[in-house]
Structure formats: structure tokens, C-alpha cells
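Geometric and topological summary
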Amino acid sequence: MMTSLEFHLLATPKAAPDLRHQLRDHGYDVRLCATELLTNVIDHLGDGTPVTVRVIGTAAHHGRTRIEVTDPDPRALPVLLCATESEESGRGLALVDALAECWGVVQGPNCKTVWCELRS
């Protein structure tokens, strides 16, 4: 059985808590990774960037939940940084990397999708 949710929204600071609320039936790690990927769009592409967020859960896919965030810039690729204690940013993708079984980027001609998979 597969469950799938899809949200079309603008990447704004208010969208992060709204997304967490929409995903309230999912675990903390799913909500955290989804909002971190959304926040990366705000930080690197700008407030108000249109995005599509998908959360796909399937028992047939080894009990994993897949989170996808698609934005309109295929060139701005996420980079995993090692932030120091004094730096105010650079931890979002490190959190995703620590919590997810795997993550990556799929580039299209007019968009990119940053995804991660977590054990359900």
C-alpha cells in the first residue's frame, strides 16, 4: 500500500510551520526533513519561490517514506556543509543527511528535486 501527499506552495517562513502541521500524522523525522528541505529553498532561492512538496510512503518500498521538494532552479544544487558551533546556518542538509537513509538531487531542464528517504 502506498500513501502520497502533495503540496504546491510558496517557500516562505510561514510555510514551514504550515507544512509541519499538514504532516502531523507523520513522525518527527519526516516533518523535520521536509521543513529543512523547504527552508533550503527559502535560503538559497529566495522567499516566495514556488515549490512542490511530496511525501510518499510505501510498505512495498522497504518501509520507507520519501520526501521530495521540487523548485524551479536546476542550477542551485544543495551542498552538505560542516557548520561550526558559532555559525548560524549550514546545518539543514546535515540534519537531513544524519536522519535519512539516503538523499540526493534529480535535475530537470527547468527544475530540480531534492529528495530523501527515511525508515518508516
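An account of the accompanying structure is given in this report. Since the structure is predicted, the reported quantities are computational estimates derived from the model, not experimental observations.

**Overview of the environment of R66**
As for its placement among the helices and strands, R66 is situated in strand β3 (residues 64–71). When the C-alpha atoms of R66 and E101 are compared, they prove to be 10.0 Å apart, with 35 residues separating the residues in sequence. Setting aside its immediate chain neighbours within four residues, R66 contacts R54, V55, I56, W115, C116 and E117. Polar contacts involving the side chain of R66 include one to the side chain of E117, which spans 2.9 Å.

**What to know about the pairing of β3**
A large share of β3 lies buried, amounting to 7 of its 8 residues. In this sheet, strand β5 (residues 112–119) lies alongside β3 in antiparallel orientation, the contact comprising 8 bridges. Within β5, the residue paired with R66 across the bridge is E117.

**A word on helix α3 (residues 92–99)**
Residues of α3 that are buried: G92, L93 and V96. Each buried residue of α3 lies within a common arc of 90° when the element is viewed along its axis, so the set occupies one face. Of the surrounding secondary structure, the elements contacted by the buried residues of α3 are α2 (28–45), β4 (102–107) and β5.

**As for the side chain of E36**
With respect to the helices and strands, the residue E36 is situated in helix α2. The charged side chain of E36 is buried without a salt bridge, its nearest counter-charge being R20 at 6.9 Å. Apart from residues no more than four positions distant in its own chain, E36 is found in contact with G92, L95 and V96.

**Thoughts on the nonpolar core**
In terms of nonpolar packing, the biggest core is built from 25 residues, with L19, L37, L38, V51, I67, V96 and C116 touching the most fellow members. Those elements that place two or more of their residues in this core are β1 (2–11), α1 (15–22), α2, β2 (49–58), β3, α3 and β5. In terms of residues, this core owes the most to one element, α2, which gives 7 residues. Aside from chain neighbours lying at most four places away, what touches L38 is L9, A11, A15, A16, L19, V51 and V69.

**Things to note about the packing of α2 against α3**
One way to put it is that α2 packs onto α3 with a least axis distance of 9 Å and a crossing angle of 150°. Crossing geometry of α2 relative to α3 is assigned as left-handed. From α2, D29, L32, C33, E36, L37 and N40 reach across to α3, where they touch G92, L93, L95, V96 and L99. Within the contact of α2 with α3, the residues separate by chemical class into 7 nonpolar, 2 polar and 2 charged.

**Describing the state of the cysteines**
Counted by the stated rule, this structure contains 0 disulfides. No disulfide involves C33; its sulfur sits 4.4 Å from the nearest other cysteine sulfur, which is in C116. We classify C33 as buried; its relative accessible area is 1%.

**Some words on the packing of aromatic side chains**
Enumeration according to the criterion identifies 0 aromatic pairs in this entry. Over the aromatic face of W115 sits the side chain of R66, whose NZ or CZ is 4.3 Å from the ring centroid.

Rules used in this analysis
- Residues numbered from 1 in each chain as written.
- Predicted model: local features only at pLDDT ≥ 70, side-chain atom pairs only at ≥ 80, totals over all residues.
- Heavy atoms only, no water.
- Helix = DSSP H or I, 4+ residues; strand = E, 2+ residues; numbered from the N terminus.
- Contact = heavy atoms within 4.5 Å.
- Polar contact = N/O pair within 3.5 Å; in protein donor to acceptor, adjacent residues only side chain to side chain.
- Buried < 20%, exposed > 50% of the residue type's maximum accessible area, 1.4 Å probe, protein only.
- Pairing = 2+ DSSP bridges.
- Arc of directions from axis to C-beta.
- Lys, Arg positive; Asp, Glu negative; His and termini not counted.
- Salt bridge = Lys/Arg side-chain N within 4 Å of Asp/Glu carboxyl O.
- Core = buried A, V, L, I, M, F, W, Y, C linked by side-chain atoms within 4.5 Å.
- Axes fitted to C-alpha atoms, helices over the stretch in contact; angles between N-to-C directions.
- Left-handed = near helix turned anticlockwise from the far one by under 90°.
- Nonpolar A, V, L, I, M, F, W, Y, C, P; charged D, E, K, R; others polar.
- Disulfide = S-S within 2.5 Å.
- Phe/Tyr/Trp six-rings, centres within 6.5 Å; stacked < 30°, edge-to-face > 60°.
- Lys NZ or Arg CZ within 6 Å of the ring centre and 35° of its normal.

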